[in-house]
Amino acid sequence: MDFISLGRANDIGASCHYLEVSGSGVILDAGADPNEEGPASLPDFSPIEHRNVEHVFITHAHHDHIGGIPALNAKWPRARLHLTPATRTLTTLMLYASARLQRRKYDEGSSAFRALFDEGDLEDVFDVLHAREYDEWIDLRGEHLRAKFYYSGHLLGSAGVLLTTADQRRICYTSDTRTEAQTIIPGAKYPSAPIDVLIMESTLGADPIAETITRAEEEVRFSQRLAAVLDRGGTVLLPVFMLGRAQEILALLGRFKMQNLIDPATPIYTAGGLREVSRIYDDYRFSSPRIDPDFEVYSVEQKRFPWTRKARNRVMNQPGIHVLTSGMMIERTLSHQVAVDLLEHEKHAIFFVGFSKDDLPAGKLLHAAQSGAEGILLNPDRGMQPIGCEVDRFRFSGHAHRQELTELAAKLQPTTIILVHGETEAKRWLKENLQEHCPEARILTPAQGERITV
Ligand SMILES: [Zn+2]
Ligand SMILES: [Zn+2]
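Residues numbered from 1 in each chain as written. Chains lettered and ligands numbered in written order. Predicted model: local features only at pLDDT ≥ 70, side-chain atom pairs only at ≥ 80, totals over all residues.

### Quick notes on the overall build of the protein
This is how it is decided: Secondary structure elements are defined from DSSP: runs of H or I of at least 4 residues count as helices, runs of E of at least 2 residues count as strands, and each element is numbered from the N terminus. Radius of gyration here uses only the C-alpha atoms, and the compact-globule reference equals 2.2 Å multiplied by the residue count raised to the power 0.38.
Scanning the protein from terminus to terminus reveals 12 helices and 22 strands. At 22 Å, the protein has a C-alpha radius of gyration in line with the 22 Å of a compact globule built from 454 residues.

If you want it as structure tokens, here you go:
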């Protein structure tokens, strides 16, 4: 089997991996790098320019796994794209939203790049999407190569891929995964051991803290901090990713209200695309893995975040919780605007509930607050602002922490492990520690475009 990573290999960037196995060309995910714009955000397909791609497996609808689909479709229009039904619905929504956003950014001059695709290109993509249920075997090349999705515990519709060859070799791609349950969705259900080749994510490989915190303890701390801010009349901003983290956090807030851990009358404000995603979560509640299929995200009462300045000032003068995108507080998003408004006032709080890169506003603000910096520049029009409000981070990740990953690998007994989707330091830690857990395994960290044969 040949393996080539096509996304930047020393970063989380665009997830996209090519396999040549049993004579078939297979691609695992076709993401785009959310931190780049234009062609630089796409996977580099040049190492496989002259190869054939027959099948593509899309594991979940996050941008770093789907944003490169139109570019891939343009190069290999006959390749069949397999994905779970929920991922198909979410991917459609997310790609349309991405096309609109790219066009708007170019038109208003905030991006130098024309949109990489438009609605017309997406029509072509939708023709080659094939919805596949979990554990449904797909014949890729008759008896010679079969594949199936299994449930990966990351978010609605998320899946890992298991491929089996005619000579009974088993290849497993974890994609983004969590083995522990979250609030709405249960933990992953892995195929049985042994696996021959394990292609594993590394997102939290360099995070020594995640594994020391239990979810139950973190929930208690989160509810207490929320209650304290609301009791003093403050507003809490929770910057979230629109897909996954937003719905999990809304479910958690609903539970806190039911248990009277926070005042049940506290208004919760949401806006934009995350509301549409919540509806899709609810639509699939009986047909996708759930902890409680009866739970609906919309059973947690939500008000629309107000658009006028006057109305915004009014709601920020009362206790309330704002669940707004983007998670990393990218400039001009709602979470960024509200953060600028709340930042200077002691009674308010900005609580991060997901991952942020250090060089984006969420990461910068967290770092500045933790290091006791006097102020921060979030918006050049406002200038340097003192950090008066409470700033904290709570860990409710949809990714396995690094001990979880090493335990998972040990259970699957692979002979080869290929580490992907993580920064260099994360892969370095995992490689060292996996060697102890899996002493027989060969552990590889291929560079972008590097062909390895296993
Ligand atoms: Zn993801
Ligand atoms: Zn990812």
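### Digging into the packing of helix α3 (residues 85–108) against helix α7 (residues 273–283)
We apply this condition: Inter-axis angles, ranging from 0 to 180 degrees, are taken between N-to-C directions of lines fitted to C-alpha atoms, where helices are fitted over the stretch in contact. In what follows, roughly perpendicular refers to angles from 65 to 115 degrees, roughly parallel to angles under 35, roughly antiparallel to angles over 145, and oblique to any angle outside these ranges. The contact criterion used here is simple: two residues whose C-beta atoms, placed from the backbone, lie within 7 Å are in contact. Classes in brief: Ala, Val, Leu, Ile, Met, Phe, Trp, Tyr, Cys and Pro nonpolar; Asp, Glu, Lys and Arg charged; the others, Gly included, polar.
Contact geometry for α3 and α7: axes closest at 10 Å, N-to-C directions at 170°. One finds that α3 runs roughly antiparallel with respect to α7. For the pair formed by α3 and α7, the contact residues are Thr89, Leu90, Leu93 and Ala97 on the first element and Gly273, Glu276, Val277 and Ile280 on the second. By residue class, the composition of the contact of α3 with α7 is five nonpolar, two polar and one charged.

### Considering the sheet that holds strand β20 (residues 416–420)
This is how the line gets drawn: When DSSP finds two or more bridges between two strands, those strands count as paired.
With mixed pairing, seven strands are arranged side by side in an open sheet as β7-β8-β9-β10-β11-β20-β21. Every interior strand has two partners, whereas the edge strands, β7 (138–139) and β21 (442–444), have only one. Against the sheet, helix α11 (residues 402–412) contacts β10 (170–173), β11 (197–201) and β20, and its axis sits at roughly 170° relative to β11. In the packing of helix α12 (residues 424–437) onto the sheet, the strands contacted are β20 and β21, and the crossing angle to β20 comes to about 160°.

### With respect to the environment of Asp282
What counts, and what does not: Any residue with 12 or fewer other C-beta atoms within 10 Å of its own C-beta is exposed, any with 20 or more is buried, and the rest are partly exposed; the C-beta atoms used are placed from the backbone.
If you trace the backbone, Asp282 turns up in helix α7. Here Asp282 falls in the partly exposed class, since 16 other C-beta atoms lie within 10 Å of it. For the pair Asp282 and Leu343, spaced 61 residues apart in the sequence, the C-alpha separation amounts to 34 Å. When residues no more than four places from it in sequence are discounted, the contact partners of Asp282 are Glu296, Val297 and Tyr298.

### What to know about the pairing of strand β16 (residues 349–352)
Relative to β16, strand β12 (residues 235–239) runs parallel, the two sharing two bridges. Counted as the bridge partner of Leu237 is Ile350 from β16. When β16 meets strand β19 (residues 390–393), the two strands line up parallel, connected through four bridges. Bridging across to β19, Phe352 finds its partner in Arg393.

### A few points about the pairing of strand β1 (residues 2–5)
Note: β1 against strand β22 (residues 451–453), three bridges, orientation antiparallel. Directly across from Asp2, in β22, lies its bridge partner Thr453. The sheet contact formed by β1 and strand β2 (residues 17–21) spans four bridges and is antiparallel. Its bridge partner lying in β2, Ile4 is registered against Tyr18.

### Here we look at the domain arrangement of the protein
To be explicit about the condition: Domain delimitation in this document rests on an assignment produced automatically or drawn from a domain database.
One can read the domain layout of the protein as domain 1 (2–207 + 398–453) and domain 2 (214–393). Using only C-alpha atoms to locate each centre, domain 1 and domain 2 end up separated by 29 Å. Taken together, the contact pairs 21 residues of domain 1 with 20 residues of domain 2. Here the side of domain 1 that touches domain 2 takes six residues from α3, the largest share from any one element. Looking at side-chain class alone, the side of domain 1 that touches domain 2 contains 13 nonpolar, seven polar and one charged residues.

### Comments concerning the sheet that holds strand β5 (residues 80–83)
Pairing in this open sheet of seven strands is mixed, and the strands run β6-β5-β4-β3-β2-β1-β22 from one edge to the other. The outermost strands of the open sheet, each flanked by one partner alone, are β6 (129–131) and β22. Each strand axis lies, on average, 25° off the axis of its neighbour in the sheet, ignoring direction. Direction of pairing for strand β3 (residues 24–28) relative to strand β4 (residues 55–57): parallel, over a ladder of three bridges. Bridged to Ile27 within β4 is Val56.

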